[in-house]
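Overview (structure and organization)
Here are the chains, one letter per residue:
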Number of protein chains: 2
Amino acid sequence: MRELTWNKKFMSKLDLTCPIPKNEYDKVLLAHGGGGKLMHNLIEKIFISQFDNSLLNQQGDSALFEIDSSKLAFTTDSYVVQPIFFPGGNIGEIAIYGTVNDLSVAGAKPLYLSAGFIIEEGLPIEDLWKIVVSMKEAADKAGVQIVTGDTKVVERGKGDKIFINTSGVGTVYDGINISPKNCKPGDVIILNGKIADHGVAIMSAREGLEFETEIVSDLAPLNGLINLMINTSKNIHTMRDATRGGIATTLNEIADSSNFGIEIYEDKIPINEQVNGACEILGLDPLYIANEGKLLAFVDCNDAEEVLEKMLSHPFGKDSKIIGKVVEDHPKRVVMKTSIGTNRIVDMISGEQLPRIC
Amino acid sequence: MRELTWNKKFMSKLDLTCPIPKNEYDKVLLAHGGGGKLMHNLIEKIFISQFDNSLLNQQGDSALFEIDSSKLAFTTDSYVVQPIFFPGGNIGEIAIYGTVNDLSVAGAKPLYLSAGFIIEEGLPIEDLWKIVVSMKEAADKAGVQIVTGDTKVVERGKGDKIFINTSGVGTVYDGINISPKNCKPGDVIILNGKIADHGVAIMSAREGLEFETEIVSDLAPLNGLINLMINTSKNIHTMRDATRGGIATTLNEIADSSNFGIEIYEDKIPINEQVNGACEILGLDPLYIANEGKLLAFVDCNDAEEVLEKMLSHPFGKDSKIIGKVVEDHPKRVVMKTSIGTNRIVDMISGEQLPRIC
């Protein structure tokens, strides 16, 4: 009865109809967090439609705004990867590098990070310690400081070991203007190395798969590489890291934001042979598999060769390749020229291949 | 076997001994998130000791730093309150006002917020919508914008409906310097109203308790009130909002940071009679119960009356009271003069009275 009173009071404040009707979806599904169409639908209809403001609507990896005369970038990500320790890293490192990369691909120099922990009762203190030690190590490598934090503990069975949120603040480099909306026909698309390692490493850890050589996550801070790229050319129009949903999803998001078409070449996309084999066995498409150290840069065609050359000189760019270009044709669509000479539409997937990948 | 390999490789990087030995605590307990001694121990030994830097070590509610010539404040909090809808508010409103308040008590004007959602599979979309609508409403009331966000979904049983992290960026007001370390003997302590409403409202929602009049959370954005206070006096030395652990914990933290003693007067502390009664029945001490719209300001004694007067004119300060002062005696200790004339040491509690209060 009492509950009814305040629920009613509360509801009367909210005389708004939910934009996702019950007959479409009445509950949040795992796939709503998978990076695909369902997630985009949820974000657009629920979050963007309500929070609606020009900064949020930029829809980049970071929000960009000015305070006094400083141009700042601000971003957030919660990390729920499972397992929390995996080949090539752990949840703490992803939490640092992921947010460093989201600031970096927006053309910003990452400076300060926050860290919010949601810990499930019963997590071994030693595991927490390992995670925290490697977060510090990662922050040092990336040249950022963790300056503020928060700790919450939830009952056993109400969380999953540990979730970490990091938010980050950085300063945008002078003279550049990077946005998903800025690429244009003729722009060359550069990818900084082999795809799908992170997703396959996580999958193999979950399933106990064994490979001839160990497949490890590509987890890496990209700010050094990006700094080099930005110093080489002011004409990088768009840049994204290809995490959840893989390069296919990221390319689709950019095609959608820019209103242009994207063409990629299957035989140019770098992939580790063993990772490719694992994907075939598991029935996964590597284009949709998460990376944690891969970026896609859309560069003016006149500067592309020089940018590529610089990227090849950097440890996190040594396998860089030009994988495609922006075209006038098929606006908002990503088309792949396959190695057998056909065209394949690379659509955004509906749900997801691998939940809790980051 | 494979698992061993990479675990070993990983461990060799971390040749550091965990600063909380196994024979002390080997697992994270609920009480490690309760705001008391255990939480402070965890934060100091694990987080502060590793992340160690001058900005984190300020240990205020926000980190303060300069970028170019702008003085900025940056803060983060994850919200895990249970139930997610309660008398007087919901998790979305707490997530906005909590972070707005953390920026405000640091002497900053809150500007931009991030929002990171960790949703448990199965949450009704309508509940998410209600939360998001009231976050927008709260952001508008507080005059801030939600400019960047993230959505993760975890499997049923690996979360608890919804957790929200918000981080916030603001600009520090000119000419003030607020820090837990800045208060000094003679400073007057002002509290802006009645304590313990939030905790008792949550508790009554959980337990289905009924009172003559409904007890609702004191959840409120304090930036307007604080703006008024700062415009009245540049000599507010310390300010904190008294959330987890209540005013007792906040006062202890300040006594500890400043190395001075704190004296408070029991009969000056405002409390709703019904809330007090509920605490007695439930065996809870209201001094330790969470608030979501209460601040403690440590003001130079010459300015205190004027600040108090202004506070009384504001809706969120209409029950403000001077509740104590900073003293040279009993450094790092909080002592309460009781209504029967005795002295009671108000210590920091070890664990917590109410888990998941915010």
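Quick caveat: nothing in here was measured; it's all calculated off a predicted structure.

Conventions and cut-offs
- Counting restarts for each chain: residues are numbered from 1 in the order of the written sequence.
- Starting at A for chains and at 1 for ligands, labels are handed out in the order in which the entities are written.
- Selection of residues for local features in this predicted model requires a pLDDT of at least 70, selection of side-chain atom pairs for listing and counting requires 80 or more, and totals for whole chains, interfaces and linings are taken over all residues.
- Remark: hydrogens and water are excluded; side-chain values derive from all non-hydrogen atoms of the structure.
- Here the limits of each domain have been adopted from an automatic or database domain assignment.
- Any two residues whose heavy atoms approach within 4.5 Å at even a single point are treated as in contact.
- By buried area we mean how much accessible surface two parts lose on assembly, using a 1.4 Å probe and totalling the loss over both.
- Any carboxyl oxygen of Asp or Glu that lies within 4 Å of a side-chain nitrogen of Lys or Arg is treated as forming a salt bridge with it.
- Whenever two N or O atoms come within 3.5 Å, that pair is a polar contact, provided that in protein one can donate a hydrogen and the other can accept it, and provided that, for residues adjacent in sequence, both atoms are side-chain atoms.
- Helix and strand definitions here come from DSSP, where helices need a minimum of 4 consecutive H or I residues and strands a minimum of 2 consecutive E residues; each element is numbered from the N-terminal end.
- Throughout, the ten residues Ala, Val, Leu, Ile, Met, Phe, Trp, Tyr, Cys and Pro are labelled nonpolar, Asp, Glu, Lys and Arg are labelled charged, and all others, Gly among them, are labelled polar.
- Only protein chains enter the calculation, and the probe is 1.4 Å; a residue is then buried if its accessible area is under 20% of its type maximum, exposed if over 50%, and partly exposed in between.
- For helices, the fitted line uses only the C-alpha atoms of the stretch in contact; every axis is such a line through C-alpha atoms, and the angle between N-to-C directions lies from 0 to 180 degrees.
- Throughout, the term roughly parallel applies to angles under 35 degrees, roughly antiparallel to angles over 145, roughly perpendicular to angles from 65 to 115, and oblique to all others.
- Handedness of a crossing follows from how the near helix is turned relative to the far one, being left-handed for an anticlockwise turn of less than a right angle and right-handed for a clockwise one.
- By definition here, a helix of n residues has an expected span of 1.5 Å times n minus one.
- A residue's bend is the angle separating two fitted axes: one through the seven residues that end there, the other through the seven that start there.
- Least-squares superposition of the copies uses the C-alpha atoms of those residues scoring a pLDDT of at least 70 in each of them.
- Between any two strands, at least two bridges found by DSSP are needed for them to pair.
- The predictor rates its confidence in each residue with pLDDT, a number between 0 and 100.
- Only the six-membered ring of Trp is used, alongside the rings of Phe and Tyr, when aromatic pairs are assigned; centres must lie within 6.5 Å, and planes under 30 degrees apart are stacked while those over 60 apart are edge-to-face, with the rest tilted.
- Throughout this description, the term charge over a ring refers to an Arg CZ or Lys NZ atom that lies within 6 Å of the ring centre and within 35 degrees of the ring normal.

Okay, the domain arrangement of chain A next. Residue and element names in this part refer to chain A. When the domains of chain A are assigned, the result is domain 1 (60-172) and domain 2 (188-345). Of the residues lining the interface, 21 residues belong to domain 1; the matching set on domain 2 comes to 21 residues. A buried area of about 1700 Å², summed over both sides, lies between domain 1 and domain 2, and 63% of it is on carbon and sulfur atoms. In this structure, the connection of domain 1 to domain 2 is made through one salt bridge. In this structure, D61 engages R240 in a salt bridge whose closest nitrogen and oxygen atoms are separated by 2.7 Å. Along the contact surface separating domain 1 from domain 2 lie six residue pairs in polar contact (both at pLDDT 80 or more). Take the side of domain 1 that touches domain 2: its biggest share by element is eight residues, from helix α3 (residues 91-104). When the residues that make up the side of domain 1 that touches domain 2 are grouped by side-chain class, the tally is ten nonpolar, eight polar and three charged.

As a further point, take helix α5 (residues 197-207) of chain A. Residues and elements named next belong to chain A. Most of α5 sits out of view: nine of its eleven residues are buried. Along α5, the residues that are buried comprise D197, H198, G199, V200, A201, I202, M203, S204 and A205. Among the residues trailing α5, G208 stands out with phi positive, at a value near 65°.

This part covers the packing of α3(A) against helix α4 (residues 125-142) of chain A. Residue and element names in this part refer to chain A. One way to put it is that α3 packs onto α4 with a least axis distance of 7 Å and a crossing angle of 30°. What the angle tells us is that α3 and α4 run roughly parallel. Taken as a pair, α3 and α4 cross one another with a handedness that is right-handed. Contact residues: α3 offers I91, G92, E93, I96, Y97 and V100, while α4 offers I131, S134, M135, A138, A139, K141 and A142. When grouped by side-chain class, the residues that make up the contact of α3 with α4 number nine nonpolar, two polar and two charged.

The next subject is helix α2 (residues 37-51) of chain B. Because an α-helix packs 3.6 residues into every turn, residues spaced three or four apart end up facing the same way. Residues and elements named next belong to chain B. Along its 15 residues, α2 runs 20 Å from first to last C-alpha, staying within 8% of the 21 Å computed at 1.5 Å per residue. Approximately 35° is the largest bend angle found in α2, and it occurs at E44. When we look at burial in α2, the residues that qualify are L38, M39, H40, N41, L42, I46, F47, I48, Q50 and F51.

Time to look at the relation of the copies chain B and chain A. Superposing chain B onto chain A requires a rotation of 180° together with a translation of 0.0 Å along the rotation axis, leaving an RMSD of 0.0 Å. Put plainly, the chains are arranged around a two-fold axis. Within chain B, G159(B) has its C-alpha nearest the rotation axis, a separation of 2.1 Å. The share of interface residues of chain B whose copies in chain A are also at the interface is 100%, consistent with both copies meeting through the same surface.

Residues and elements named next belong to chain A. Within the open sheet, the seven strands sit side by side as β9-β11-β8-β12-β10-β13-β14. Their pairing is mixed. On the outer flanks of this sheet lie β9 (236-241) and β14 (343-345), each paired with one strand and no other. When strand polarity is set aside, the average angle formed by the axes of neighbouring strands in this sheet is 25°. Here strand β10 (residues 261-265) pairs with strand β12 (residues 321-327) via four bridges, running antiparallel.

All names here are of chain A. In this model, chain A carries an average pLDDT of 93, and 96% of its residues clear a pLDDT of 70 or more. Within the model, pLDDT remains below 50 along residues 1-13, and this stretch shows 20 contacts once partners closer than five positions in the same chain are excluded. Across the whole predicted complex the pTM is 0.95, and at the interface the ipTM reaches 0.95.

Below, the discussion takes up the pairing of strand β9 (residues 236-241) of chain B. Residues and elements named next belong to chain B. Within β9, six of the six residues are buried, leaving the element largely enclosed by the surrounding structure. Direction of pairing for β9 relative to strand β11 (residues 295-299): antiparallel, over a ladder of five bridges. Each residue of the ladder has a partner; that of R240, found in β11, is L296.

What follows is about the interface of chain B and chain A. Opposite the 108 residues of chain B that make contact, chain A presents 108 residues. Between chain B and chain A, the buried area comes to about 9600 Å², and carbon and sulfur atoms account for 66% of it. Along the contact surface separating chain B from chain A lie six salt bridges. Note that R244(B) is salt-bridged to D150(A), the shortest N-O span being 3.0 Å. Inspection of the chain B/chain A interface yields 23 residue pairs in polar contact (both at pLDDT 80 or more). Here the side of chain B that touches chain A gets eleven residues from one element, more than from any other, and that element is helix α4 (residues 125-142) of chain B. Residues belonging to the side of chain B that touches chain A are distributed by class as follows: 54 nonpolar, 26 polar and 28 charged.

As a further point, take the sheet that holds strand β13 (residues 334-337) of chain B. Residues and elements named next belong to chain B. Read from one edge of the open sheet, seven strands run β9-β11-β8-β12-β10-β13-β14, paired in mixed fashion. Both outer strands of the open sheet, β9 and β14 (343-345), are each paired with one neighbouring strand and no more. In this sheet, neighbouring strand axes are inclined to one another by 25° on average, regardless of whether the strands run parallel or antiparallel. Inspection of the sheet shows strand β8 (residues 188-191) paired to β11 by four bridges, in the antiparallel sense. In the sheet register, L191 faces β11, and the bridge partner there is L296.

As a further point, take the pairing of β10(A). Residues and elements named next belong to chain A. Counting buried positions along β10 gives four out of five residues, so the element sits mostly inside the fold. Bridge analysis of β10 against strand β13 (residues 334-337) gives four bridges, and the strand direction is parallel. Residue I264 lies in a different strand from β13, and its bridge partner there is M336.

Among the structural elements, D61(B) can be located in the loop between α2 and β1 (63-67). According to the relative accessible area criterion, D61(B) is buried, its value standing at 16%. For the pair formed by D61(B) and T76(B), sequence separation is 15 residues and the distance between their alpha carbons is 8.7 Å. Leave out the neighbours within four places in its chain, and D61(B) touches T148(A), T75(B), D102(B), V105(B), M239(B), R240(B) and D241(B).

All right, on to the pattern of salt bridges then. Tallying each qualifying case throughout the model produces 32 salt bridges over all chains. Across the salt bridge formed by K184(B) and D187(B), the nearest N and O atoms sit 3.6 Å from each other. Judged by relative accessible area, which is 35%, K184(B) ranks as partly exposed. In this structure D187(B) comes out as buried when scored by relative accessible area, which is 0%. It is possible to trace a salt-bridge network through shared partners that takes in D77(A), R244(A), D150(B) and K152(B).

The next point concerns the packing of aromatic side chains. Tallying each qualifying case throughout the model produces ten aromatic pairs over all chains. For the pair F65(A) and F74(A), a centre-to-centre distance of 6.4 Å together with 80° between the ring planes defines the contact as edge-to-face. Comparing F65(A) with F74(A) shows no difference in burial state: the two are buried. An aromatic cluster is defined as three or more aromatic residues linked by ring pairs; in this entry it consists of F65(A), F74(A), Y112(A), F65(B), F74(B) and Y112(B). The ring of F85(A) has K130(A) sitting right over it, with the charged end atom 5.2 Å from the ring centre.

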